[in-house]
Amino acid sequence: MIVFHKAAAINPFLQQQKALNKRIGFVPTMGALHDGHLSLIEQCRQNCDIVVSSIFVNPTQFNDPSDLEKYPRTTEADIQKLYEAGCDVVFLPAVAEIYPPSYKPPHYPLGEIETLLEGAYRPGHFQGVCQVLDRLFEIVNPQEVFFGQKDYQQCMVVKKLLTLVPAHQSIHMHICPIVREADGLAMSSRNRRLSETERQKAVTIYQTMQQIKKDIRPGETAPLVQKATDNLVQAGFKPDYVSIAQASDLHALSSWDGHTALVVLIAAYLGDVRLIDNELLPDSLTGS
Ligand code: AMP
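Residues numbered from 1 in each chain as written. Predicted model: local features only at pLDDT ≥ 70, side-chain atom pairs only at ≥ 80, totals over all residues. Heavy atoms only, no water.

> Before we move on, can you summarise helix H2 (residues 35-47) with the specific residues and values?
Helix length check: H2, at 13 residues, gives a terminal C-alpha distance of 18 Å against a target of 18 Å (1.5 Å per residue), a fit within 8%. Every buried residue belonging to H2 is among Gly36, His37, Leu38, Ser39, Leu40, Ile41 and Cys44, and all of these are buried. Where H2 is buried, its residues touch strand S2 (24-29), strand S3 (50-55), helix H4 (75-85), strand S5 (144-148) and strand S6 (172-176). (Helix = DSSP H or I, 4+ residues; strand = E, 2+ residues; numbered from the N terminus. Expected span 1.5 Å × (residues − 1). Buried < 20%, exposed > 50% of the residue type's maximum accessible area, 1.4 Å probe, protein only. Contact = heavy atoms within 4.5 Å.)

The structure is reproduced here in C-alpha cells:
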C-alpha cells in the first residue's frame, strides 16, 4: 500500500496506472474508520484494479466549529485497517493541498436537494461536500466511486455533482448498503464520542425506524412522524427531523398512496453528538 500526501505525486502515479489499463476505484472518507467504511473498500476491490482511499476531515463541510474540532482522528489505526482491507493507495492530504491559497470555492447549483433535511439543518454543508469531492475527483481521477447509503441525501448530492461537472460525468457511482452494529445502530465515526449509556440509547433511532416500517399504511403519515419524534424525545434525544419522504427526491410525504418508494430519515442529537440514519421501505412497492 502506498501513502501519498501530495496531489502532485498521487495524480501522475494514478494517471500512469490508468495508462496501463488499470481501473481506478475511489473511496473518500473522513477517517476514524469502521466496518462501514471497510465495506466500501471491499466493494471497490471487487469492481476495480486499484483501490484508492482518502482520509481528509474536510473543514468546509462542517457548519459547527466544535463538531469539526471534536471529530475523531485516528490516522495510524486507519492506515492499518486500510492495509488489512486490501487498499492499494491512500491519500492523506493537508488542508492546503485540497484548498491552496489560489483556491476559489465554486458555487454548485444543487437546486432543491440542498434546501431539504440535512441542507436545512446544516447550512452550507453540501456545498462543502461538493467542494472537497470535486477537488478529490480532480486529483484521483477515478473511474468508479463508492459511497454509503448511510448518507442518503449526500448520495443524491454526489449524483448531482457528477452531472454538474463535465470532467466528472463519466465517473460511475456505487451506493453501498448501511453497515450496522449487532443491535442495529448504524456504524458511524461519531459513535466513538458517545458515552456508554448514550451508546446503549443510540439504538433507539434504528428501533424508531423499524416501528415506522411496521406501522405504515396508506394514508396520513403525520401521526407516525409524531409518534417517532415523541419516542426519540422520551429516550433523551433532541431530534432535528424525522421524515417520511419520497425516496426519489426526499419530498416529505404527508399522505402515502401505498405504492411510492419511501425513505425514512432521522437526524437527532444525543448529548452533543449528532447522529443520522435512514431506511428505505422496499416493502412499500407492494404496499405490504
Ligand atoms: P465519512 O468518513 O463519514 O465521510 O464516510 C465515508 C463514506 O463511508 C461515506 O460514503 C459514508 O456514507 C460511508 N459510510 C459511513 N458509515 C457507513 C455505514 N455504517 N455503512 C456503510 N457506509 C458508511
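> Residue-level account of the packing of aromatic side chains, with values.
Scanning the model with the defined rule gives 6 aromatic pairs in all. Plain terms: the ring middles of Phe62 and Tyr71 are 5.6 Å apart, the flat faces sit at 75° to each other, and that makes the pair edge-to-face. Residue classification places Phe62 among the buried residues on the basis of a relative accessible area of 10%. Judged by relative accessible area, which is 7%, Tyr71 ranks as buried. A centroid spacing of 5.7 Å and a plane angle of 45° characterise the contact between Tyr121 and Tyr241, whose relative ring orientation is tilted. Pair noted here: Tyr121 is in helix H6 (residues 118-121) and Tyr241 is in strand S8 (residues 238-246), with a separation of 120 residues, a long-range link. Clustering of aromatic rings is evident, with ring pairs tying together Phe56, Tyr99 and Tyr103. Here the basic side chain of Lys238 rests over the ring of Tyr269, its NZ or CZ set 5.0 Å away from the ring centre. (Phe/Tyr/Trp six-rings, centres within 6.5 Å; stacked < 30°, edge-to-face > 60°. Lys NZ or Arg CZ within 6 Å of the ring centre and 35° of its normal.)

> Requested: an account of the state of the cysteines, with residues and values cited.
Taken as a whole and judged by the stated rule, the model has 0 disulfides. Looking at the unpaired Cys44, the closest cysteine sulfur is the one in Cys48, lying at 4.3 Å. Overall, the relative accessible area of 0% leaves Cys44 in the buried class. With no disulfide of its own, Cys87 lies closest to Cys44 among cysteine sulfurs, the gap being 7.8 Å. (Disulfide = S-S within 2.5 Å.)

> Please give an account of the site of the ligand that cites residues and values.
The immediate surroundings of the ligand are formed by 16 residues, with Met30, His37, Asp151, Val179 and Met187 found nearest. One nitrogen or oxygen atom from the main chain of Met30 is found 2.9 Å from an oxygen atom belonging to the ligand. One of the backbone nitrogen or oxygen atoms of Met187 is found 2.9 Å away from a nitrogen atom of the ligand. If the ligand stood free it would expose 490 Å²; the protein chains cover 92% of that surface. Where the shell around the ligand is concerned, the elements lending two or more residues are S2, H2 and S5. Take the shell around the ligand: its biggest share by element is 3 residues, from H2. Tallied by class, the residues present in the shell around the ligand amount to 9 nonpolar, 5 polar and 2 charged. (Near = heavy atom within 4 Å. Polar contact = N/O pair within 3.5 Å; in protein donor to acceptor, adjacent residues only side chain to side chain. Areas by Shrake-Rupley, 256 points an atom, 1.4 Å probe, with all protein chains shown as cover. Nonpolar A, V, L, I, M, F, W, Y, C, P; charged D, E, K, R; others polar.)

> Can you tell me about the environment of Ser66, naming the residues and giving the values?
Here Ser66 lies in helix H3 (residues 65-70). The class of Ser66 is partly exposed, set by a relative accessible area of 32%. Sequence separation between Ser66 and Ile79 is 13 residues, and the spatial gap between their C-alpha atoms is 25 Å.

> Tell me about the packing of helix H1 (residues 7-19) against helix H7 (residues 125-140), and name the residues and values.
It is at 8 Å that the axes of H1 and H7 come closest, and there the two elements cross at 55°. In terms of axis orientation, H1 runs oblique to H7. Facing Ala7, Ile10, Asn11 and Leu14 of H1, the residues of H7 in contact are Glu138, Ile139 and Val140. (Axes fitted to C-alpha atoms, helices over the stretch in contact; angles between N-to-C directions. Parallel < 35°, antiparallel > 145°, perpendicular 65-115°, else oblique.)

> Go over the sheet that holds S5, please, and point to the residues and values.
Pairing is parallel in the open sheet, where 6 strands are placed in the order S1-S4-S3-S2-S5-S6. Whereas interior strands pair on both sides, the edge strands pair on one side only; in this sheet they are strand S1 (2-4) and S6. Neighbour-to-neighbour, the strand axes of this sheet turn through a mean angle of 25°, independent of strand direction. Here H7 sits on the sheet and contacts S2, S3, strand S4 (89-91) and S5; the angle it forms with S2, its principal contact strand, is near 150°. Packed onto the sheet, helix H8 (residues 152-164) meets S5 and S6 and runs at close to 175° relative to S6. (Pairing = 2+ DSSP bridges.)

> Summarise the pairing of S2; cite the residues concerned and give the values.
Of all 6 residues in S2, 6 are buried, a share of seventy percent or more. Neither face of S2 is open: one carries Ile24, Phe26 and Pro28, the other Gly25, Val27 and Thr29, and all of them are buried. When S2 meets S3, the two strands line up parallel, connected through 6 bridges. Across the sheet, residue Ile24 finds its bridge partner in S3, namely Ile50. Taking the sense of rotation as the criterion, the β-α-β connection linking S2, H2 and S3 turns out right-handed. Looking at chain direction, S2 and S5 are connected through 2 bridges and run parallel. Within S5, the residue paired with Gly25 across the bridge is Glu144. (Right-handed = clockwise from strand over helix to strand, strands pointing away.)

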